[in-house]
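# Understanding the architecture of this molecule
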Amino acid sequence: MMMSASFSRQLLISTVLVLLVPLYVYFRRSSSSIRSKNPSVLPRNWPIIYMFPSFMANVHKLHDYLAVVLAGSDHNFRAHSPPGMGIRFFITCDPENARHIFTTNYTNFPKGAEFAAIFDIMGGALFTMDGEPCRRPRANLQRVLSSPRMVSRLAACCRDKVENGLLPLLAHMESTCTPIEVQELTSRLMFDLTSTMVFGVDSSLLSSDLPPMDAPAAMDTVMEVGFFRHVVPAACWKAMRRLNIGPERKLGKAHVVLRRFVAEMIQRRKTKGKHVGRNDEEQESSVEDILSSLINDPDYADDNLLCATLISYMLAGRDTVGTTLPWIFYNLAQNPDVVSNIRNELSPIIASRKVVIEGADAMGSMVIFEPEETKPLLYLKAVLYETLRLYPPAAIERKTVKTDDIMPSGHEVKAGDTILIAVHSMGRMEGLWGKDCLDYNPHRWLLQDGKKLRYVPSHKFLAFNSGPRMCPGKEIAVMQMKTIVAALVWNFDMELVEGHRIQPKMSCILQMKNGFMVNLKKREI
Ligand code: HEM
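Residues numbered from 1 in each chain as written. Predicted model: local features only at pLDDT ≥ 70, side-chain atom pairs only at ≥ 80, totals over all residues. Heavy atoms only, no water.

### Let's talk about the overall build of the chain
A count of helices and strands for the chain gives 20 helices and 12 strands. Counting all 525 residues of the chain, 58% fall into the buried class. In the chain, 73% of the contacts between residues at least 6 apart in sequence involve partners at least 24 apart. When the accessible surface of the chain is summed, it comes to about 22,300 Å², and 54% of that surface belongs to carbon and sulfur atoms. (Helix = DSSP H or I, 4+ residues; strand = E, 2+ residues; numbered from the N terminus. Buried < 20%, exposed > 50% of the residue type's maximum accessible area, 1.4 Å probe, protein only. Contact = heavy atoms within 4.5 Å. Areas by Shrake-Rupley, 256 points an atom, 1.4 Å probe, with all protein chains shown as cover.)

Below, the structure is given as structure tokens:
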């Protein structure tokens, strides 16, 4: 699943080379826009090459770099190209600006044509759409995802997968003293769960023979080359695509793999013999997966659009939860007190209901938790939110400006400007979260001795987006993460493999570059 070291190098080299060619990607600090509290942390503005050296020196740790720059510039930062080039960036992690962009004046800040071009594999799908055309597909999707039948089916699938896939596999690996790469495992798990949600078919990647991960690897490539496309001028990556060289060559192959995967899954779904699409009324009551809600919809008669849409839902479901889970376990491995608190919250459930997993053999019995049982748990939810505050999978949101506007922070933006909303930085600002903003502390989410979850508006806690395009899968994601984390934390102790370095990958999604290696030990309960 992980990007190979050579591709990683190739991506970095291509990024550097392509950035060196056109002068217009060089950032220039607009002196009037920065009211710095600490000018030393801001990118140095060199003659001719502008902020290019600072940018290149930090591109491998872009999110941390942006957090420092934004903390030093009152949460807002403007970067321009040299005069005449017409490239203007406004980078912000100011919640009031986020509210303006995502809600109050939402129609003035579309994702834009360049965003749609960067994610061309999802061309025409909801994810790349803007404005009024979103309304219908979004409403349809929300209807499907919130139907009681779908919700209970997804909960049952998740529970069964934990019981019959995840726990036995972990028990087996533990018994053979095999260190576990958590990110690959959660990627397999979430790929299977998301395939079931999207196609009604389990892709069975989470099994003891660890089958090849061609389609998940292709999805990772979409996100990694998407990052490349974001940071180099469009003309450059488009030329590389025409010539079929560098990262674009790898992306072309990934597109083929993903389209083939979708075609196979549709075929398997049909062969399964379920009623895929009937009359509206019957379909409404029988929707068990997203595909059956689309297959007879005239809006999706075009096979390319259907394929793009199904790929986008696979990415929305797998990438986000699959990326968040390793960060949760990474934080738990370093905070044993948080692990104890989770176990204390789970204990009363065990007292009232215990399920013994068959097949655990010498490992003894294991316990799972029903999604209904973990639903009311507030501390566990606080653990999820605290992880998403510090490690949001979509670390940067990109918008464009339709007509000239003034931000609540007082900054002017012009039609055609690009706005980057630094979601990752927003979770790390002292002014927003207090002096302990960098500490992992789930208690910050709790009130009244842990009896109430603190309300934080979505424009300040942006992990699930905000406004009309807020994530429609939030409740499902929370259910899945609670079920998985509860089972793992209750049944196993987890220890980081010594010397393993954790760092984010250069990607549109906040994956770990080297994965996350741990040793597991079955708990004696
Ligand atoms: C930790 C879990 C998750 C997080 C943090 C998350 C976050 C997000 C974010 C930030 C967006 C906006 C992306 C953008 O417009 O640039 C989004 C959109 C979306 N999410 Fe989620 N998501 C999660 C899980 C899920 C799940 C499990 C599903 C499916 C059941 C899902 C379905 C979607 C869809 C379909 C969209 C597109 C909505 C639109 O464009 O209007 N997400 N999500």
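### What about the coordination of the iron atom of the ligand?
There is one protein donor for the iron atom of the ligand, namely Cys471 (SG), at 2.3 Å. Of note, Cys471 is situated in the loop between strand 10 (452-453) and helix 20 (474-491). (Donors = N, O, S within 2.8 Å, 3.2 Å for Na, K, Ca; no water.)

### Things to note about the pattern of salt bridges
Under the definition given, this model contains 25 salt bridges. Put simply, Glu132 and Arg135 hold a salt bridge, and the shortest N to O gap is 3.0 Å. Given the relative accessible area of 51%, Glu132 is considered exposed. A residue is classified by how much of its surface remains accessible, and Arg135, at 58% relative accessible area, is exposed. In this structure, Glu430 engages Lys435 in a salt bridge whose closest nitrogen and oxygen atoms are separated by 3.2 Å. Beyond isolated ion pairs, a larger network of salt bridges with shared partners links Asp120, Arg229, Arg241 and Glu248. (Salt bridge = Lys/Arg side-chain N within 4 Å of Asp/Glu carboxyl O.)

### What about the packing of helix 6 (residues 135-146) against helix 7 (residues 148-175)?
It is at 5 Å that the axes of helix 6 and helix 7 come closest, and there the two elements cross at 60°. Taken together, the axes of helix 6 and helix 7 are oblique relative to one another. Where helix 6 approaches helix 7, its residues Val144, Leu145 and Ser146 are matched on the opposing element by Pro148, Met150 and Val151. Each residue belonging to the contact of helix 6 with helix 7 can be placed in one class, and the counts come to 5 nonpolar, 1 polar and no charged. (Axes fitted to C-alpha atoms, helices over the stretch in contact; angles between N-to-C directions. Parallel < 35°, antiparallel > 145°, perpendicular 65-115°, else oblique. Nonpolar A, V, L, I, M, F, W, Y, C, P; charged D, E, K, R; others polar.)

### Some details on helix 4 (residues 95-104)
Inspection of helix 4 places Pro95, Asn97, Ala98, His100, Ile101 and Phe102 among the buried residues, and these make up the whole buried set. Its side-chain oxygen placed 2.9 Å from the backbone nitrogen of Glu96, Asp94 serves as the N-cap of helix 4. (Polar contact = N/O pair within 3.5 Å; in protein donor to acceptor, adjacent residues only side chain to side chain.)

### Some points on the nonpolar core
One finds Phe199, Ile290 and Leu332 to be the most contacted residues of the largest nonpolar core, which totals 158 residues. The element best represented in this core is helix 14 (residues 303-334), accounting for 16 residues. (Core = buried A, V, L, I, M, F, W, Y, C linked by side-chain atoms within 4.5 Å.)

### Some words on the site of the ligand
By nearness alone, 26 residues border the ligand, and Lys111, Arg138, Glu397, Arg469 and Cys471 come closest of all. Asn465 is positioned such that a nitrogen or oxygen atom in its side chain is 3.4 Å from an oxygen atom of the ligand. For the shell around the ligand, the secondary-structure elements that each account for two or more residues are helix 6, helix 14 and helix 20. When residues in the shell around the ligand are grouped by element, the largest group, 6 residues, is from helix 14. Across the shell around the ligand, the residue classes tally to 17 nonpolar, 5 polar and 4 charged. (Near = heavy atom within 4 Å.)

### Regarding the confidence of the model for the chain
Averaged over all residues, the pLDDT of the chain equals 87, while 83% of them reach at least 70. In the model, residues 19-39 has pLDDT below 50 throughout and makes 63 contacts with residues more than four positions away in sequence or in other chains. Confidence over residues 275-285 falls short of pLDDT 50; this stretch has 16 contacts with residues more than four positions distant or in other chains. (pLDDT = per-residue confidence, 0-100.)

### Some details on the sheet that holds strand 4 (residues 180-181)
Within a sheet, adjacent strands bond to each other through the backbone by hydrogen bonds, running parallel or antiparallel. An order of 4-12-11 is seen for the 3 strands of this open sheet, with the pairing classed as antiparallel. Looking at the sheet topology across the chains shown, the edges are occupied by strand 4 and strand 11 (492-496). Relative to strand 12 (residues 517-522), strand 11 is paired through 5 bridges, and the arrangement is antiparallel. The partner of Met494 across the bridge, within strand 12, is Leu520. This element, helix 20, spans strand 11 and strand 12 of the sheet and lies at about 90° to strand 11. (Pairing = 2+ DSSP bridges.)

### Topic: the pairing of strand 3 (residues 88-92)
Here strand 3 lies mainly inside the structure; 4 of its 5 residues are buried. As defined by bridge partners, strand 2 (residues 76-80) adjoins strand 3 across 5 bridges and the pair is classed as antiparallel. Bridging from a neighbouring strand, Ala79 pairs with Phe89 of strand 3. Across 4 bridges, the pairing between strand 3 and strand 8 (residues 418-422) is parallel. Note that in strand 8 the partner of Phe90 across the bridge is Ile419.

### Here we look at the packing of helix 15 (residues 336-352) against helix 20
Their axes nearest at 10 Å, the elements helix 15 and helix 20 cross at an angle of 100°. As judged from the angle between their axes, helix 15 and helix 20 are roughly perpendicular. Contacts between helix 15 and helix 20 involve Val339, Ile342, Arg343, Leu346, Ser347 and Ile350 from the former and Ala486, Val489 and Trp490 from the latter. Residue composition of the contact of helix 15 with helix 20, by class: 7 nonpolar, 1 polar and 1 charged.

### Considering the environment of Val401
Looking at the element boundaries, Val401 is found in the loop between strand 5 (396-400) and strand 6 (405-406). On the accessibility criterion, Val401 (4% relative accessible area) is buried. Along the chain, Val401 and Asn108 lie 293 residues apart, while their C-alpha atoms are 6.1 Å from each other.

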